[in-house]
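Residue-level structure breakdown
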Amino acid sequence: MVTSPIFDLRPSDPTAERDIFVTTFRWMLLARTVDEKLAGLYRAGKIPGGGVYLGKGQEAVSASLGVSLQQGDVYAPLIRDGAGRLAFGETVIEALRTCLGSVLGPMRGRDGNVHRGRPKDGYLPMISHLGAMISVVNGALMAKRRRGEQHFVGATCLGEGGTSTGAFHEGMNQAGVERLPFVMLVTDNQYAYSTPTSRQFACKSLESRAAAYGFQAHSIDGTNLADCLRGLGSAVTQARNGGGPQLVIARLLRLCGHGEHDDASYVDDRLKNSPLGRDCMVVAEQRVIAEGWADKQEIQSWRAQASSEVEAAVVQVQTEASPDPYTERWSALKSTHLLDGFLNA
Amino acid sequence: MSVTYLEAIREAQARALADDPRVYIYGQDVGSFGGAFKATKGLAQQFPGRVFDAPISEDAMVGSAVGAAIEGMRPIIEMQFADFSTPGFNQIINQAATLYWRTQIPCPITIRLPSGGTSGSGPFHSQSMEALFAHYPGLIVMTPATVEDAYSMLLEAVAIDDPVIFCEHKFLYYHLKADKLPTESIPAGKARVARPGRDLTIVAYSAMVHEALAVAEELALEGTEIEVVDLRTIKPIDTDTIVASVARTGRVLVVGEAFPWGGVTAEVVARVATEAFGLLDAPPQRLNAKDTPIPYHPDLWAVHRPTARSISAAVRNLLQM
Ligand SMILES: Cc1ncc(C[n+]2csc(CCOP(=O)(O)OP(=O)(O)O)c2C)c(N)n1
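Not measured: the values here are computed from a predicted model.

Here we come to the interface of chain A and chain B. Chain A puts 42 residues into the contact, and the matching count from chain B is 47 residues. Regarding the contact of chain A and chain B, the summed buried area is about 3,800 Å², with carbon and sulfur atoms giving 60% of it. Remark: the boundary between chain A and chain B carries 4 salt bridges. Of the charged contacts, one joins D161(B) and K334(A) as a salt bridge, the two residues approaching to 2.9 Å between their closest N and O atoms. Taken together, chain A and chain B are joined by 23 residue pairs in polar contact (both at pLDDT 80 or more).

Residue and element names in this part refer to chain B. Split by domain assignment, chain B resolves into domain 1 (3–178) and domain 2 (192–319). A separation of 26 Å is found between the C-alpha centroids of domain 1 and domain 2. Of the roughly 2,100 Å² buried between domain 1 and domain 2, counting both surfaces, carbon and sulfur atoms make up 59%. The interface formed by domain 1 and domain 2 includes 1 salt bridge. Here R232 and D149 are joined by a salt bridge, their closest N and O atoms 2.8 Å apart. Remark: the boundary between domain 1 and domain 2 carries 10 residue pairs in polar contact (both at pLDDT 80 or more). Broken down by secondary-structure element, the contributors of at least two residues to the side of domain 1 that touches domain 2 are α5 (130–134), β6 (140–142) and α6 (147–159). Grouping the constituent residues of the side of domain 1 that touches domain 2 by class yields 15 nonpolar, 12 polar and 2 charged.

Residue and element names in this part refer to chain A. Surveying the vicinity of the ligand reveals 14 residues, the closest of which are R80, G161, G162, N189 and Y191. Between the ligand and G161 there is a distance of 2.8 Å, counted from an oxygen atom to a backbone nitrogen or oxygen. One nitrogen or oxygen atom from the main chain of Y191 is found 2.8 Å from an oxygen atom belonging to the ligand. Classifying every residue of the shell around the ligand by side-chain character gives 5 nonpolar, 7 polar and 2 charged.

For residues besides glycine, phi is generally negative; the peptide bonds are generally trans as well. Here the residue pair K235(B) and P236(B) is connected by a cis peptide bond, since its omega of 5° sits within 30 degrees of zero. Structurally, P236(B) is set in the loop between β12 (233–235) and α9 (239–249). Of note, R179(A) is a non-glycine position whose phi angle comes to about 45°, a positive value. Even without being glycine, K38(B) reaches a positive phi, approximately 70°. Owing to a relative accessible area of 32%, K38(B) belongs among the partly exposed residues under this scheme.

By size, the foremost hydrophobic cluster in this structure holds 147 residues, and its most contacted members are F182(A), M184(A) and F133(B). Residue contributions to this core peak at 13 residues, all from helix α1 (residues 17–43) of chain A. A domain split of this core shows at least three residues from each of domain 1 (3–178) and domain 2 (192–319) of chain B. I9(B), I25(B), V147(B) and A188(B) belong to the second-largest nonpolar core, a separate cluster that totals 41 residues.

Below, the discussion takes up the pattern of salt bridges. Residues and elements named next belong to chain A. For the structure shown, the criterion picks out 42 salt bridges over all chains. Taking the shortest distance from any N to any O, the salt bridge between R270 and D268 comes out at 2.7 Å. Judged by relative accessible area, which is 66%, R270 ranks as exposed. Since its relative accessible area comes to 24%, D268 is described here as partly exposed.

Definitions and limits used
- Residues numbered from 1 in each chain as written.
- Chains lettered and ligands numbered in written order.
- Predicted model: local features only at pLDDT ≥ 70, side-chain atom pairs only at ≥ 80, totals over all residues.
- Heavy atoms only, no water.
- Contact = heavy atoms within 4.5 Å.
- Buried area = accessible area lost by both parts, 1.4 Å probe.
- Salt bridge = Lys/Arg side-chain N within 4 Å of Asp/Glu carboxyl O.
- Polar contact = N/O pair within 3.5 Å; in protein donor to acceptor, adjacent residues only side chain to side chain.
- Domains from an automatic or database assignment.
- Helix = DSSP H or I, 4+ residues; strand = E, 2+ residues; numbered from the N terminus.
- Nonpolar A, V, L, I, M, F, W, Y, C, P; charged D, E, K, R; others polar.
- Near = heavy atom within 4 Å.
- Buried < 20%, exposed > 50% of the residue type's maximum accessible area, 1.4 Å probe, protein only.
- Core = buried A, V, L, I, M, F, W, Y, C linked by side-chain atoms within 4.5 Å.

What follows is the structure in structure tokens.
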């Protein structure tokens, strides 16, 4: 797994509360810094292809899953998982290369923004179709089990809107039937693009679906890093130790537009002013200070470190070539002898 | 001893399982029951843990095959009927077909589609889906017409490092017999001249090859020599073999069992028009099923799809042009 410069901050003793909390908080900081930079580049018209989808407000839950996974696991993050991706082992530069269209990025300009990954390292690149990654993770886990591997876990993420797809149902049922070491993280951020939860599902709670699929349910407060670490840590551990598939429902409010093109004017003020509307970064920082794990000055230095890492990466990526349509291999098959000569002349 | 088209498919899977530990078979009722058509008969017993039942979840069946392929496996997915590949369509065209192009990680999965019409099967157990899949980059689509091809092409499909849609024709399952399984074969991607002739070319694939051969037989009695080209794979299409045949005959009729809008026959005609316009003595023609859903009643069905009778009429018409 490729590691980010601050990857080594991962605590050697993951039970040490301070270490894990601070480590995760720093992934959150780094992810927020990347997101803010991307938002700025978007406003400046510097994003080829145009789209930017941020994870503002979802860093705690996303990073908590990322730090709970380890090498050998399978991870298929989604739209708002910048923090989880970094915590799992993606580098800042790799993320930026995909977003800024560098040919050196893992997708080489063939796909962009959140559609990135390194399948060889268990980091699966999402397709857009919501719900579609669940069964892909299932298949990877089935293959690992078939090969006799042990103690591995697979996890993927969705918003509450994604749970309304047929693919979600099929994938969850399949994971249940196969009793896979699988963690489904659903972050209910109150809106799917502009659609409120009342137009998305009729069940009393998303947790109630767990039993129907043979999953164990967990609920977490997505604004509270301590709760995210507890809930996701426990779900991942149970899956790893033979407890079968786990459904984790995190609640919070999306603190940005669906994408940066969206002003999110439809978001209800009452939600913004409710506990759901708290910013997980602020809540986590307060905890760090209250516990005496770091003071304001030290946190400021972490912020500065994140910022300089991101700035340096942007500068580097902006000097890198974009893909060249004239030297591009326009071929969708590995078996080049089976390309249709008439279509691929 | 003889072997049917269906037995050839079973034998190819048995051999693939025996030869390569990365191969497994996943689909509805494929386990100890042996599959709705018995294409996996006895395989679950012969290869414990490697031939197993899926829930009725075509999307998840294909999605999981992609995940397993990423982890180095070579899954075979059986759709119970080609018609039920539609709920799995998204995973096939968006996940499987794009994986290699996006990530350079190969996606060696084989999806078996028991395809095409049989008497009394109706609108939802008769469809020919090949053109839909062929439309998408990143997929290989095979349509074997013979027992030998059913066997050798399925083995090839499993060995190929890209996703293969294997359209096996249900009408041929029991009717079609060969003396034995083949030991050698024409490679995938190459068409085959199933019968040589000099007066007119019929390009066909899958079950329609046999209807075309029957017509060629009938017209031979009248002194007309029809050349029949069996496409074998429809993605890629072997344009060279088609053009070479048209160069010999100057007339071409393309026959497919699928619906008439677009599709394989239109693609072949477009290629002939582009590459062999000057070789034609008459406009290229095509014959397909009717532009309605596939009817249940045997009398309706017999007229819905092309048969030796309607092909013969189209051939006679084209010979007059
Ligand atoms: C199957 C499918 N339909 C529609 C879309 C378009 N789309 C992209 S994101 C989105 C909203 C997703 O909402 P949710 O799952 O709640 O996640 P959130 O964006 O809130 O994190 C929609 C409708 C899609 N990607 N996939």
